[in-house]
Amino acid sequence: MSSRHVLIVLGSMVVLTTAWPRPMGLEDFFHLHHVSDPQVAPDGRSVAFVVTDTLVAENRTNSDLWVISTSGGEPRKITSAIRSDQHPRWSPDGRWIAFSSNRDGPYQVWVVSARGGEARKLTSISTQATRPEWSPDGKAIAFMSEVYPEFSSRPFAESDALNAGRNAAKARGPVRARVFDHLLYRHWDHWVDGKRRHLFVVPIRNGGRGLSSITAGEPRDVTPGDNDAVPTSDTFTEDDEYSFAPDGRSLVFAAPPEPVDTQAWSTNHDLFRVDLASGRKTRLTDNPAADCSPLFSPDGQLLAYRAQQRAGFESDRWQLMLLELATGRRRSLTAGLDRSVEHFAWMPDGQKIFFHTADDGGESLWSVATEGSAAPVRMLAGGANNEVSISSDRRTLAYTHQRMNRPAEVMLWRVGESTPHALTHMNDAVLAKLDLPAPESVTVAGAGGTPVQMWILKPPGFVAGRKYPLVFWVHGGPQGAWSDSWSSRWNAEIWAAQGYVLALPNPRGSTGFGQEFTDQISRDWSGKVMGDLFACLAYLEKQPYIDATRMAAAGASYGGYVMNWFEGHTDRFRTIICHDGVYDLASMYGTTEELWFPDWENGKPWETAESTIAASPSHYAANFRTPMLIFHNDFDFRVPTGQGMQLFTALQRQGVPSRLVMFPDESHWVMKPANSEFWHRTVFDWLADYLK
């Protein structure tokens, strides 16, 4: 087969490559489908999933529900509203799929036939309805809504009218003042405004065979009062955070601590059970750390959940726990597993639980028996495997699989089969045109000789013997990791397509390498982790394909903190890119929202003044010399805009070439497609200027 050669200009480099496949461009990047949330039908014959598409011209995304037969074939789109359809959940009989959608205004619960067709709206609550979950008998749906708690004990019609009136008054009133009496008054990217996340249950009646016969009764707030019934922080959410008992008579949920004015600095979450007939609540756990993600066993005798042991530490290891509801006895199923449990699902016979964890630079799928003391068994490793769902007949398991060079697709694993296989191929047509190199994993001796894993991604058309500029990434968290997975935000493949070698180290603080490794960054943000990072950089400088005179560094959040630290401590980079980075620890403490994080990581600045100053990049501003590109966003309440402004001011006053880019409509991340396109083009133009 003949190939046609073309010249492609990447930054300042001219690369000779074939026209097919070719390096990925931004248009390709935004054209790829994002596949998520696979849900196996009860009979195991179909899988529903969500496909999210990027509409750059409209500066938004659009999500639809799809269904595919587990026997294979082409998937069918069953919703097509020009908004967001998400969170598909099968009815127990497998005939209907409930989901949440903002297709005609605020999010509400809708239902659609598994065969597709017109959807039917089931709720019309003024405060929105999200995350629907069917009761086991199909006669009710639970959902979440953010309401004003002072109205929550009144009859639904009255409370909903009062909620609507309060929202309308705020929207049209001339005074925009917000008044607060305690923390946590804002969160990530939104103002709390006195609302609470409550759970509602709505009765469902099915009077016939068609969708038109499905009607919903009046919703009922089953968790009234001045507290949330769903964790307000994504740190503590992994699943739906509430679960019907198999008999449908009660609901278990995870609630933040009381009194509510401690929630800004307490990681404590407990599990509660509410009797749906009487409304009586019973506390099930009293662990001073977090208990979350409750899920009943199929027979209702056990409750599985995730739990941490150390109060105040958001990145403590999550263990998979079992609670015997009759006796109150608790035990950990993963006490001997030095990994943190994330999403999990019961086998329908109750004999096993499947779960996934961050694991050595990927995400592995495990199983563990619920009886006896057998250790968990790793079933799948390599890439990122998560979002597991199991059919009621116990024969079909679906999950998503992705890699750094391949977006997520739905995988299927049937009982009796030795290996899983890809069920969906939503991106094959686009990927076939692209040269997306696979990353390489290396291990470097970090500070004190501790092994540090690092991903290296070479550019498309890599030529041995040629030297390439390097871009050195540092991840956020700091308790996070670069994994062998696709990202719609910091995507290594689109950066490598510009002609750069990408390095993605997992230094001290990274997850998936054991809890001790994760712990070793707390109260030491500028210590061992910096030794790890500089050891990785030294390794890269010795590689024959790296041009050590043309290196850049980039990072966000804690990774942005490292960029600011690099700015005052090394001149090895031609330029540095900082996105939403921490600059001054003392002022950061006073303006961020989840205070348990700085309390644990660096301490209260009035109690740790000396170490706070020493660990703040702002203390070393006199050493700033490297040109910097800075991003910060108005709705970033985690690392507020003052951090980026202070950094930019220090650079400008000293004549260091620098640029500050601020998005007034973004939070900690840049999510809107047009903004993302602008962000990427700004980054790539800046890098090209300095890595010529």
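Residues numbered from 1 in each chain as written. Predicted model: local features only at pLDDT ≥ 70, side-chain atom pairs only at ≥ 80, totals over all residues. Heavy atoms only, no water.

> Where do I start with the side chain of Ser-266 in this structure?
Looking at the element boundaries, Ser-266 is found in the loop between β19 (250-255) and β20 (270-275). Here Ser-266 falls in the buried class, since its relative accessible area comes to 17%. Among the polar contacts listed, one links the side chain of Ser-266 to the backbone nitrogen of Asn-268, at a separation of 3.2 Å. Other than its neighbours up to four places away in sequence, Ser-266 contacts Pro-257 and Trp-596. (Helix = DSSP H or I, 4+ residues; strand = E, 2+ residues; numbered from the N terminus. Buried < 20%, exposed > 50% of the residue type's maximum accessible area, 1.4 Å probe, protein only. Polar contact = N/O pair within 3.5 Å; in protein donor to acceptor, adjacent residues only side chain to side chain. Contact = heavy atoms within 4.5 Å.)

> Mind showing me how you'd approach the pattern of salt bridges here?
Tallied over the entire structure, the rule returns 31 salt bridges. Here Arg-310 and Asp-316 are joined by a salt bridge, their closest N and O atoms 2.8 Å apart. Under the relative-accessibility criterion, Arg-310 is labelled partly exposed at 29%. Using a relative accessible area of 6% as the deciding quantity, one classes Asp-316 as buried. By sharing partners, the salt bridges in this structure join Arg-339, Asp-359, Asp-360 and Arg-378 into a single network. (Salt bridge = Lys/Arg side-chain N within 4 Å of Asp/Glu carboxyl O.)

> Whenever I open this one, the confidence of the model for the chain confuses me. Can you help?
Interpretation of this model should avoid reading the predicted coordinates in detail wherever pLDDT is low. Taken as a whole, the chain shows an average pLDDT of 94; of its residues, 97% reach a score of 70 or greater. Ignoring residues within four places in sequence, the model shows residues 1-17, a span with pLDDT below 50, making 33 contacts including any to other chains. (pLDDT = per-residue confidence, 0-100.)

> When you look at the sheet that holds strand β5 (residues 60-69) in this model, what are you seeing that I'm missing?
Two pairing modes exist for strands in a sheet, parallel and antiparallel, and in both the strands are linked by backbone hydrogen bonds. The sheet built from 4 strands is open, its strands ordered β3-β4-β5-β6 with antiparallel pairing. Edge strands, defined here as strands with exactly one partner in the open sheet, are β3 (34-40) and β6 (76-77). The sheet contact formed by β3 and strand β4 (residues 46-55) spans 5 bridges and is antiparallel. Residue pairing for β4: Ser-36 is matched across the bridge by Val-50. (Pairing = 2+ DSSP bridges.)

> Teacher, can you tell me more about the nonpolar core here?
Generally speaking, a soluble globular protein has its nonpolar side chains buried in company with each other. Counting residues in each nonpolar core, the largest one holds 66 residues, and the members touching the most others are Phe-472, Met-530, Tyr-561, Val-562 and Phe-566. Among the elements that line this core, the one with the most residues is helix α6 (residues 528-541), at 7 residues. Beyond its immediate sequence surroundings of up to four residues, Phe-566 is in contact with Phe-472, Val-474, Met-530, Leu-533, Phe-534, Ala-553, Phe-573 and Ile-576. Grouped together as the second largest cluster of nonpolar side chains are 40 residues, Leu-26, Ile-494, Leu-502 and Leu-504 included. (Core = buried A, V, L, I, M, F, W, Y, C linked by side-chain atoms within 4.5 Å.)

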